[in-house]
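# Remarks on the overall topology
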Amino acid sequence: MSTTQTWPVFKTALASRATVAERTMSFRFERLVDWSYRAGQFVDVTLLDPPETDAEGNTRGFTISSAPRENVIQITTRLRDTAFKRVLQQIPLGTEVKIEGPFGDFRLHRAARPAVLLAGGIGITPFRSILVETVGAGSLPYRVVLFHANRTPGDAPFAEEFLALEHADRNLTYVPTMTALADSAEAWEGERGHIDAAMLSRHLGGLTVPIYYIAGPAAMVQATRKMLVASGVDEDDIRTEEFTGY
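Described in the following lines is the structure provided in the data block. Not measured: the values here are computed from a predicted model.

### A short note on the nonpolar core
- Formed by 27 residues in total, the largest nonpolar core has its most connected members in Leu 117, Phe 127, Leu 131, Val 144, Leu 146, Phe 162 and Tyr 213.
- Every element with two or more residues in this core is listed here: strand E7 (115-120), helix H2 (125-136), strand E8 (144-150), helix H3 (159-168), strand E9 (172-178) and strand E11 (211-217).
- Residues contacting Tyr 213, with those up to four places away along its chain left out, are Phe 106, Arg 107, Leu 108, His 109, Ala 115, Val 116, Leu 117, Leu 118, Phe 127 and Arg 239.
- Residues Phe 27, Leu 47, Phe 62 and Ile 64 belong to the second largest nonpolar core, which totals 20 residues.

Here it is in structure tokens:
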């Protein structure tokens, strides 16, 4: 006899929102006492009776950017000009939404091999959840190197948090890189350009030992996977999460 898997569905209230980078905002919702999730998972958020809607509808999937040890449900998103995101920015605090989930299995491995986390833009959200949770529990069990590509420093969410996590755990290395510095007046002394084999080699040495995790826009994920395979990385050592319509 077959069974249909179901996930928790509940209503919860918008508790706060804050700008965390240019065109990027975090939304925090109240967390039910008996609801749990793993770092790296995502949920579907549905607006209830919104004042406007469009062809994309009233439901969106978001990776949870908070860590399970944090007593909130936080999602973080780039702000596009859609009805959903306009409403989310404007509704009063305390307004209820419907949440379904959690879904997904994007989490760090257990084997004693280093991990390389490759994030493009808002693809940083699962890694924020994973690292805040793991470092907060004690320390990372092996070396972890986080590469995060953004256009400019102002576009990079959670940069100060990652610097603090790097300071707290010697197993973590944070490598932000900027791809469009000509569009920014901010000073920058770090890496420049898209994440490629040369950049990885500068920080990792050999590329074939770690297990890789890629999260970001679909084109970035696909191009990065192709680059890793061309560099000799086994496809079984690459885990991905594509962000669409963010």
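### Quick notes on the side chain of Lys 85
- With respect to the helices and strands, Lys 85 occurs in helix H1 (residues 83-90).
- Buried within the structure, Lys 85 lacks any salt-bridge partner; Glu 56 is the closest side chain of opposite charge, at an N-O distance of 7.8 Å.
- Reaching out from Lys 85, the side chain makes a polar contact with the side chain of Thr 77 at a distance of 2.6 Å.

### Let's talk about the sheet that holds strand E1 (residues 9-21)
- One open sheet accounts for six strands, arranged E4-E3-E6-E1-E2-E5; its pairing is antiparallel. Looking at strand neighbours, the two that pair on one side only are strand E4 (59-63) and strand E5 (72-78), the edges of this open sheet. In this sheet, adjacent strand axes meet at a mean angle of 40° when their direction is disregarded.
- In terms of strand pairing, E1 meets strand E6 (residues 96-103) through five bridges, oriented antiparallel. Bridging across to E6, Lys 11 finds its partner in Lys 98.

### Examining the pattern of salt bridges
- According to the stated counting rule, one finds 14 salt bridges in the structure shown.
- Arg 86 serves as the salt-bridge partner of Glu 52, at 2.9 Å between the closest nitrogen and oxygen. Taken together, the residues span a long stretch of sequence, with Glu 52 in the loop between strand E3 (42-47) and E4 and Arg 86 in helix H1 at a distance of 34 residues.
- Look at Glu 52 and you get partly exposed, because its relative accessible area is 29%.
- Judged by relative accessible area, which is 26%, Arg 86 ranks as partly exposed.
- Between Arg 86 and Asp 81 there is a salt bridge, and its shortest N-O distance comes to 2.5 Å.
- Through salt bridges with shared partners, a single ionic network connects Arg 38, Asp 105 and Arg 107.

### So, the pairing of E7
- Within E7, six of the six residues are buried, which leaves the element mostly enclosed by the surrounding structure.
- Sheet analysis places E7 next to E8, joined by six bridges and oriented parallel. Paired with Ala 115 across the strands is Val 144, a residue of E8.
- In terms of handedness, the path from E7 via H2 over to E8 forms a crossover that is right-handed.
- As defined by bridge partners, E7 adjoins E11 across five bridges and the pair is classed as parallel.

### Quick notes on the sheet that holds E7
- Spatial ordering of the open sheet is given by E10-E9-E8-E7-E11-E12, a layout of six strands whose pairing is parallel. Two strands in the sheet have a free side with no partner beyond their single neighbour: strand E10 (191-192) and strand E12 (238-243).
- As paired strands, E8 and E9 are joined by seven bridges and run parallel to one another. When the bridges of E9 are listed, Asn 150 appears paired with Met 178.
- Seen against the sheet, H3 touches E8 and E9 and runs at an angle of roughly 150° to E9.

The rules behind each value
- Residues numbered from 1 in each chain as written.
- Predicted model: local features only at pLDDT ≥ 70, side-chain atom pairs only at ≥ 80, totals over all residues.
- Heavy atoms only, no water.
- Core = buried A, V, L, I, M, F, W, Y, C linked by side-chain atoms within 4.5 Å.
- Buried < 20%, exposed > 50% of the residue type's maximum accessible area, 1.4 Å probe, protein only.
- Helix = DSSP H or I, 4+ residues; strand = E, 2+ residues; numbered from the N terminus.
- Contact = heavy atoms within 4.5 Å.
- Lys, Arg positive; Asp, Glu negative; His and termini not counted.
- Salt bridge = Lys/Arg side-chain N within 4 Å of Asp/Glu carboxyl O.
- Polar contact = N/O pair within 3.5 Å; in protein donor to acceptor, adjacent residues only side chain to side chain.
- Pairing = 2+ DSSP bridges.
- Axes fitted to C-alpha atoms, helices over the stretch in contact; angles between N-to-C directions.
- Right-handed = clockwise from strand over helix to strand, strands pointing away.

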